[in-house]
Amino acid sequence: MERLPRYRTGDPELDDHVAALVREAGAMAHGDLVFELISTALRLGRENDARLDLKIANAALKEMRYAFQVFSSYRGTRKVSIFGSARTRAEDPHYRLAREFARAVAARDWMVLTGAGPGIMTAGIEGAGAEHSFGINIRLPFEALPSEYIADDPKLINFRYFFTRKLIFMKESHGFVLLPGGYGTLDEAFELLTLVQTGKSEPTPIVLLQAPGEQYWNAWMRFVEDELLAGEMIAAEDLALVRITSDIEEAVDEITGFYSNYDSARFVRGLLILRVKHLPDDAMFGTLNESFGDIVVKGRIEPVEPSDVEVAGNDRLDLARVGLRFDRTHWSRLRQLIDVLNGRG
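Attention here is on the structure that accompanies the text. (Residues numbered from 1 in each chain as written. Predicted model: local features only at pLDDT ≥ 70, side-chain atom pairs only at ≥ 80, totals over all residues. Heavy atoms only, no water.)

**Some points on the sheet that holds strand β10 (residues 296-303)**
And then number 1: Pairing is antiparallel in the open sheet, where four strands are placed in the order β8-β9-β11-β10. Only two strands of the sheet have a single partner each, and these edge strands are β8 (262-268) and β10. Looking at each pair of strands side by side, their axes are set apart by 20 degrees on average, direction ignored.
And then number 2: Here β10 pairs with strand β11 (residues 320-326) via four bridges, running antiparallel. Each residue of the ladder has a partner; that of Glu 302, found in β11, is Gly 323.
And then number 3: Contacts between helix α10 (residues 282-292) and the sheet are confined to β10 and β11, with β10 contributing the most and set at about 160 degrees to the helix.
And then number 4: Sheet strands in contact with helix α12 (residues 331-341) are β8, β9 (271-276), β10 and β11, and its direction is about 30 degrees off that of β9. (Pairing = 2+ DSSP bridges. Helix = DSSP H or I, 4+ residues; strand = E, 2+ residues; numbered from the N terminus. Axes fitted to C-alpha atoms, helices over the stretch in contact; angles between N-to-C directions. Contact = heavy atoms within 4.5 Å.)

**What to know about a positive patch on the surface**
And then number 1: A cluster of basic residues, Arg 51, Lys 55, Arg 139 and Arg 160, forms a positive patch on the protein surface.
And then number 2: Here Arg 139 lies in the loop between β3 (133-138) and β4 (156-159). (Patch = residues over 30% accessible without salt bridge, like charges linked within 9 Å, V, L, I, M, F, W, Y side chains within 5 Å. Areas by Shrake-Rupley, 256 points an atom, 1.4 Å probe, with all protein chains shown as cover. Salt bridge = Lys/Arg side-chain N within 4 Å of Asp/Glu carboxyl O. Lys, Arg positive; Asp, Glu negative; His and termini not counted. Charge placed at Lys NZ, Arg CZ, Asp CG, Glu CD.)

**Section: the side chain of Asn 289**
And then number 1: Relative to the assigned elements, Asn 289 resides in helix α10.
And then number 2: Of the residues examined, Asn 289 reaches a relative accessible area of 15% and is grouped as buried. (Buried < 20%, exposed > 50% of the residue type's maximum accessible area, 1.4 Å probe, protein only.)

**Section: the environment of Glu 148**
And then number 1: Position of Glu 148 relative to the elements: it lies in the loop between β3 and β4.
And then number 2: When the C-alpha positions of Glu 148 and Ala 86 are compared, they lie 14 Å apart, and in sequence the two are 62 residues distant.

**Details of the packing of aromatic side chains**
And then number 1: The final tally for this structure, using the stated rule, is 14 aromatic pairs.
And then number 2: Relative to Trp 331, the ring of Phe 326 has its centre 4.8 Å away and its plane inclined at 75 degrees; by these criteria the two rings are edge-to-face.
And then number 3: Ring-pair connections join several aromatic residues into one group, and the members of that group are Trp 110, Phe 258, Tyr 259 and Tyr 262.
And then number 4: Its guanidinium or amino end placed over the ring of Tyr 259, Arg 78 lies 3.9 Å from that ring's centre, counting from NZ or CZ.
And then number 5: Across from the ring centre of Phe 267, 3.7 Å away, lies the NZ or CZ of Arg 328, which sits over that ring. (Phe/Tyr/Trp six-rings, centres within 6.5 Å; stacked < 30°, edge-to-face > 60°. Lys NZ or Arg CZ within 6 Å of the ring centre and 35° of its normal.)

**Overview of helix α1 (residues 12-24)**
And then number 1: With 13 residues, α1 ought to run about 18 Å at 1.5 Å a step, and its terminal C-alpha atoms sit 18 Å apart, in line with that.
And then number 2: Among the residues of α1, Leu 14, Asp 15, Val 18, Ala 19 and Val 22 are the ones counted as buried. The buried residues of α1 occupy one face: seen down the axis, they fall within an arc of 140 degrees. Residues Glu 13, His 17, Arg 23 and Glu 24 are exposed on α1 and point more than 90 degrees away from its buried face.
And then number 3: Against the buried residues of α1 lie α2 (31-47). (Expected span 1.5 Å × (residues − 1). Arc of directions from axis to C-beta.)

In structure tokens:
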């Protein structure tokens, strides 16, 4: 850390002490951010005498630190979150569906995240096996114990707050599968869609899975179409963010196939860079520009070289890149563009 960050404690002498502490702590790849974290804690302590506020901030930071540490050894592995009712019984067809989906996706070398509780959560862990599962547990008085399949596993993480738990689900997952559930499941469904629709989360495959003959998600979609779409509260392309199915293989293919060519995305100085395994040919680039020119604010959709920022960080330099000046508004259309890059549009 050559010089102090702009965000400081507000006390020059204290800033020097914090900087010295960071240096004394040893080599850190991101000492500037550690400096700001300490500065925030000190400012919070000086400016706020409400103990509850400090307890919330303290507990949230500790929960995030521990979760980040648990996941750090699994960064290179794709993961799918499974949501659904904690009240689903083992004889329910949705329990069996969740279990078999988890087993099938684990066979593709994916790992599974669930809430670690009963019902659909237990089904997911049972299907994938503890070695392929994470338990993201919330401490509730009526769901005190985690699933027996992961109770003693080091990949079980207990949370006090829903908001930190949700952050970990969203941050660590590369896809989401939701089975029928109550308020919590619907909350997760709409929050997921909100994050992807607004660009607060990277484009991500979302599957709504229901047993054959059931109408849970079809009824949900009718509400979305009849009220949200008809009332012009969402756009037609927003419906492309989810797929409803009763077929396990179709669900697995929707999740894993999203990464058949597309890998990841990153903004560098206003340019959206889509990392892919294989570049489209010239004819396909022409089609992309004709079909998706409405979401490009300047220039064209075209192949680009790794940016200097990516080179400096050794960030996925093995992959090809598609660049565009994206309008940062039509994220559902961006999802459709990725589908075309995957040969699924």
